[in-house]
Amino acid sequence: MNIILLGAPGAGKGTQATRIEEHYNVRHISTGDIFRHHMRQQTEIGQLARSYIKKGLLVPDEVTLRIVGIALEESKNENFMLDGFPRNINQATELDKIARIDKVINIAVDFDVLMNRICGRRNCPECGYTTHVSQLGGEGTCPKCGSEMQQRMDDREDTVKSRLTVYTEQTAPLIEFYKAQGKLFEVDGMGTPDEVFAEVRKVLG
Ligand code: AMP
């Protein structure tokens with residue numbers, strides 16, 4: 001089964017993706033993670049992506065489609081879960097030409113909650129653990145591996161505002177796109193990660 005995780009920034013796609021990956025036999029493909037990997041490696045794609053990501057804008061489709069094409073090629077004989085892709089109608093149309101999608105899960109969260117979730121998000125650069133600053137109890141270190149927790153450069157307030165605008169204008173129309181294909185499943189993303197995952201399991205079986 002091939003899955004797409006849809007949702008605004010901060011809806012909890014990454015958190016659910018980790019759980020889905022543990023419970024179901026799917027390969028997790030996150031375009032945001034791939035771009036961040038390229039940025040750390042300072043590749044040409046990384047440098048280009050950085051100039052868009054730091055402004056909260058979408059990386060051009062041509063580049064994004066290229067990295068997704070490579071990731072799908074690598075997972076040719078495996079089921080996959082796309083997280084953060086597609087993010088506009090053009091990407092979704094192009095995806096339909098190269099892969100079969102079975103289920104699209106839209107994680108719905110109230111907009112006023114998203115800002116607090118994203119601006120408070122902290123990540124561990126070593127092990128990838130992600131949590132809200134309020135859960136760190138004043139400590140700046142990762143509870144899993146002890147490294148210094150960091151804030152993503154695009155999780156700062158001014159960038160988050162443009163990410164949410166981009167979501168509303170370009171990504172939200174995908175809900176109707178996949179509804180029309182009969183593939184859309186709505187999940188309430190306002191609960192705890194466990195509660196949301198219980199909903200996800202009802203969809204994935
Ligand atoms: P994410 O980790 O999914 O929130 O992605 C972080 C940033 O990477 C986004 O704000 C975009 O700038 C860029 N990005 C990730 N996925 C895509 C995509 N499908 N299309 C264009 N840009 C993307």
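Residues numbered from 1 in each chain as written. Predicted model: local features only at pLDDT ≥ 70, side-chain atom pairs only at ≥ 80, totals over all residues. Heavy atoms only, no water.

Student: Is there a simple way to explain helix α7 (residues 157–171) in this structure?
Tutor: Residues spaced three or four apart along an α-helix face the same direction, because each turn holds 3.6 residues. Compared with the 21 Å implied by 1.5 Å per residue over 15 residues, the 20 Å span of α7 between its first and last C-alpha is a close match. Those residues of α7 not exposed but buried are Thr159, Val160, Arg163, Leu164, Val166, Tyr167 and Thr171. For α7, the angular spread of the buried residues around the axis is 160°, confining them to a single face. In α7, those exposed residues whose orientation departs by more than 90 degrees from the buried face are Asp158 and Glu169. Taken together, the buried residues of α7 touch α3 (44–53), β4 (103–108), α6 (111–119), β5 (121–123) and α8 (173–180). (Helix = DSSP H or I, 4+ residues; strand = E, 2+ residues; numbered from the N terminus. Expected span 1.5 Å × (residues − 1). Buried < 20%, exposed > 50% of the residue type's maximum accessible area, 1.4 Å probe, protein only. Arc of directions from axis to C-beta. Contact = heavy atoms within 4.5 Å.)

Student: I tried to follow the site of the ligand on my own but got confused; where do I start?
Tutor: As a matter of local geometry, the ligand sits amid 16 residues, with Thr31, Arg36, Leu57, Gly84 and Gln91 nearest to it. For the ligand, a nitrogen atom lies 2.9 Å from a polar atom in the side chain of Gln91. Here the ligand, which alone exposes 480 Å², has 95% of that area covered by the protein. Among the residues making up the shell around the ligand, the classes are represented as six nonpolar, five polar and five charged. (Near = heavy atom within 4 Å. Polar contact = N/O pair within 3.5 Å; in protein donor to acceptor, adjacent residues only side chain to side chain. Areas by Shrake-Rupley, 256 points an atom, 1.4 Å probe, with all protein chains shown as cover. Nonpolar A, V, L, I, M, F, W, Y, C, P; charged D, E, K, R; others polar.)

Student: Which parts of the structure should I look at to understand the packing of helix α1 (residues 13–23) against helix α9 (residues 193–204)?
Tutor: In helix packing, the relevant descriptors are the interaxial angle and the interaxial distance, both defined with respect to the helix axes. At a closest axis distance of 10 Å, the pairing of α1 and α9 adopts a crossing angle of 50°. It follows that α1 is oblique to α9 by the angle criterion. For the element pair α1 and α9, the recorded crossing hand is right-handed. Seen from α1, the contacting residues are Thr15, Gln16, Arg19, Ile20 and His23; seen from α9, they are Pro193, Asp194, Val196, Phe197, Val200, Arg201 and Leu204. Per-class residue counts for the contact of α1 with α9 are six nonpolar, three polar and three charged. (Axes fitted to C-alpha atoms, helices over the stretch in contact; angles between N-to-C directions. Parallel < 35°, antiparallel > 145°, perpendicular 65-115°, else oblique. Left-handed = near helix turned anticlockwise from the far one by under 90°.)

Student: Hey, could you run me through a negative patch on the surface in this one?
Tutor: A cluster of like negative charges, contributed by Asp110, Asp112, Asp188 and Glu195, occupies part of the molecular surface. The exposure class assigned to Asp110 is partly exposed, which follows from its relative accessible area of 44%. (Patch = residues over 30% accessible without salt bridge, like charges linked within 9 Å, V, L, I, M, F, W, Y side chains within 5 Å. Salt bridge = Lys/Arg side-chain N within 4 Å of Asp/Glu carboxyl O. Lys, Arg positive; Asp, Glu negative; His and termini not counted. Charge placed at Lys NZ, Arg CZ, Asp CG, Glu CD.)

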